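Here is how the chains run, residue by residue.
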Amino acid sequence: MGRKKLEEENPDSKYGEPAKFDPTFKGPINKRGCTDIICCILFLAVILGYLAVGILAWLYGDPRHVLYPRNSTGWYCGTGENKDRPNLFYFDLLKCAMSVNVIATALNGFQCPTTQVCVKECPTGFWAATLLDYGKQPDEVFDPNLCVPSINLNDPELNVKEIVDQELCPFFHIPTISVLGRCLPDVNLLGGIPPDFASIPGLPSSTNETISLIKNGTGDILNGFNARDIGVRIFEDFASAWPWILVGLLIAMVVSMLFLLLLRFIAPVMVWVLIIGVLGAGAYGIWHCYWEYDGYKKRSASITDVGFTTNFDIYLQVQETWLAFLIIISVTEAIILLTLIFLRNRIRIAISIIQESSRAIGYMMSALAYPLVTFVLILVCVAYWGATALYLATSGAPVYKVVALNSTANGCEGINGTTYCNPENFSSTAYPTCPSAHCIFIKYNEEGLFQRNLFNLQIYNAVAFLWCVNFVIALGQCTLAGAFASYYWAFNKPADIPMFPVCGGFIRSLRYHVGSLAFGSLILTLVQIVRIILEYIDHKTKSSQNAIARFILCCMKCCLWCLEKFIKFLNRNAYIMIAIYGKNFCVSAKNAFKLLMRNILRVVVLDKVTDLLLFFGKLLVVGGVGVLSFFFFSGRILLPGSTFRSETLNYYWMPIITVVFGSFLIAHGFFNVYNMCVDTLFLCFLEDLERNDGSLQKPYYMSKDLMKILNKSNKAPKKQKGSD
């Protein structure tokens, strides 16, 4: 009974008692201690382990495995002794088809069981050794640039047949292009294969079958897409257009900054114009729906005449559909109008806080530069994660096995790609019955303690990366919150604002609250990991799912998405309280949540108004700069005296995409600072209302505009009468 009576007297008591006045509180507390020490130690241990994983990956890994192709003997193309031969050429692509080659199937696709050599240029035409060529000298038949480097075509002991059987030179080649350093067939030219290829020994008797096997052997590798050539062309475009790309990004930065600084003047106008625009759109929708309804009603077009049909356009031609639209839009319009009438004062408070945020940023211009710090730190995390993942994926020594390149020859039946070998001391004379036996590179060693745990290390790499990125974002939020809180709690602005508030917030966050920031980012990381696991399960089981399983997975993903959004919201406000009061994460999150719940209507209104303004701000910056860059790079805007011409670009859309994406990142960085400023000042405003009453002992710290909206004021000190 006592608790119920207390809640009736104070309906907000279930969300905690309002903050009490503290005469010593003047903004972010300077005398504070370290918080969440256990989580700080855990985070530092994970970082040390992350560094150890990176060192081990660097010691055992070799990124050349993926940066450069390797020939049959394991040497890299495009580096070392093969520096002038960057492309890998396959002698017989027909042997790469696992569907027709037993050896290729036994190797599980790790390597194509045919001789591969590094060449300077990929062959660009059709050629094959005919029956007449078998009677000629080898140097008259073969191109030495496409043969194994150790062969001497002038050796009298070799003939064309022996060279073909031992795969010392290719007995045919087709037009190829370099795709990621590998000579793969140009599928656009395969239709021009000469008819005499049907009579070449070793090839199918049908040219159509040859074409089919070649396509099967190469798989669907980019379908002749010349990635390297396009990459070079894009690089050329960036080389010629980079000054103008920087100009576009500079314009985006200036427009973003001006938009934020001008919000103190244009925020009320923008908000009410947008609200009136929404109401006007709703009013037009009501009129249009009534006009359509009235027209179809006069024509007696009823849904009873249509019945059920899968053609949904038919339903737009009956009166009942437009009547339903009319009712829905009218109800929505009425709800919006009633909301505006009852929440008009809270909307004015939200606008005033937005204007105050613009003033705060005007006094702390250095806060707009802090996103660069966050960007650099995240870039370091991404680079370290990518490098570690690459080195881990390429760790392990190369594995070589004995393979019969001509598996159909007599005496080669026992060679099935299971015998290990060393290419440096391998000799085909050890297999006298199978002259095509070669020692070729298969894959990278997966044995050993380190190699067996590569998957676990990759998981550790991913988890540590997510935690570090979330920590960097949390550090930025706490830093900016400390700076903007020091602005709000300065009674005489800007005289009482401390020197270098952003630096002060950054130092306090790193010195005292690494553990709390790590705690909050860890909770968010765990939720993100569960979401990733669900996405992986959904991707792997998509083909075998039934409708119920898909529905359950969809619900789980939706719930986790909502949970992640809520945790981000809670963490953001917890970091603000940490920056102000220096308490641990749990206490700060609890106090922030209860403070917001005691003012839930103000929270909702401010959040929606801010989101609306920042959305149109981003639309203005990104859309405006994107349109300007389109007209410039497409040649529709010509600058007098400029040496740049759009005709010199290979792909004019690449600079446009770069400018648009860069403008979005710039606008996102600036507006995130602004959003953090709004959230911080809002929490301080709520605390100010609960702590103070406007008396001489407990004056308000809020702006005069806010006090005017709330019909509050600070009492002025009484003037003492002077003595005569």
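Treat the numbers as computed from the prediction; the structure is a model and nothing was measured. By convention here, each chain's residues receive numbers from 1 onward along its written sequence. Selection of residues for local features in this predicted model requires a pLDDT of at least 70, selection of side-chain atom pairs for listing and counting requires 80 or more, and totals for whole chains, interfaces and linings are taken over all residues. Hydrogens and waters are ignored; side-chain quantities use all the structure's heavy atoms.

(A) The state of the cysteines, seen in detail. Defined by distance alone, a disulfide is two cysteine sulfur atoms within 2.5 Å. Per the counting criterion, the structure on display carries 3 disulfides. A sulfur-sulfur separation of 2.0 Å characterises the disulfide bridge that pairs Cys-77 with Cys-118. Negative torsions about the S-S bond denote left-handed disulfides, and the value of about -80 degrees found for Cys-77 with Cys-118 makes this one left-handed. With Cys-77 in the loop between helix 3 (64-67) and strand 1 (87-90) and Cys-118 in strand 2 (residues 116-119), this residue pair connects regions lying 41 residues apart in the sequence. The buried label goes to any residue with under 20% of its type's maximum accessible area, the exposed label to any with over 50%, and the partly exposed label to all in between, with areas taken from a 1.4 Å probe on protein chains only. Here Cys-77 falls in the buried class, since its relative accessible area comes to 1%. With a relative accessible area of 7%, Cys-118 lands in the buried category. A disulfide bridge connects Cys-122 with Cys-183, and the sulfur atoms are separated by 2.0 Å. An S-S torsion of about -80 degrees defines the bridge between Cys-122 and Cys-183 as left-handed. Taken together, the residues span a long stretch of sequence, with Cys-122 in the loop between strand 2 and strand 3 (127-128) and Cys-183 in strand 6 (residues 182-185) at a distance of 61 residues. Of the two residues, Cys-122 and Cys-183, neither departs from the other in class, the shared state being buried. Only DSSP runs of H or I covering at least 4 residues are called helices, and only runs of E covering at least 2 are called strands; the numbering of each starts at the N terminus.

(B) Quick peek at a nonpolar patch on the surface. A surface patch of nonpolar side chains, about 550 Å² in accessible area, is lined by Leu-250, Met-253, Val-254, Leu-258, Leu-262 and Phe-265. Within the element layout of this structure, Met-253 appears in helix 8 (residues 227-298). Look at Met-253 and you get partly exposed, because its relative accessible area is 33%. Each patch is built from residues that are more than 30% exposed by relative accessible area and take part in no salt bridge. Like charges join if they lie within 9 Å; nonpolar side chains (Val, Leu, Ile, Met, Phe, Trp, Tyr) join within 5 Å. To measure how exposed things are, a 1.4 Å probe is used in the Shrake-Rupley method; for residues, cover is taken only from the protein chains shown. Any carboxyl oxygen of Asp or Glu within 4 Å of a side-chain nitrogen of Lys or Arg constitutes a salt bridge here.

(C) Inspection of the packing of helix 15 (residues 514-540) against helix 16 (residues 547-581) at higher detail. At a minimum axis separation of 10 Å, helix 15 and helix 16 run at an interaxial angle of 165 degrees. By the angle class used here, helix 15 and helix 16 are roughly antiparallel. Judged by the sense of rotation from one axis to the other, the crossing of helix 15 with helix 16 is left-handed. Helix axes use the C-alpha atoms of the stretch in contact, all axes being lines fitted to C-alpha atoms, and the angles between their N-to-C directions lie in the range 0 to 180 degrees. Here is the rule for angles: anything less than 35 degrees is roughly parallel, anything more than 145 is roughly antiparallel, 65 through 115 is roughly perpendicular, and the remaining ranges are oblique. By the definition used in this description, the sense in which the near helix is turned from the far one sets the handedness, with an anticlockwise turn below a right angle giving left-handed and a clockwise turn giving right-handed.

(D) Expanded view of the pattern of salt bridges. One pass over the full model with this rule turns up 9 salt bridges. Of the charged contacts, one joins Asp-133 and Lys-136 as a salt bridge, the two residues approaching to 3.3 Å between their closest N and O atoms. Under the relative-accessibility criterion, Asp-133 is labelled buried at 11%. The closest approach of N and O atoms between Arg-691 and Glu-687, which form a salt bridge, is 3.2 Å. Of the two residues, Arg-691 and Glu-687 both sit in helix 19 (residues 653-691), 4 residues apart, roughly one turn of that helix. For Arg-691, a relative accessible area of 12% gives the class buried. Through salt bridges with shared partners, one network takes in Arg-531, Glu-564 and Lys-568.

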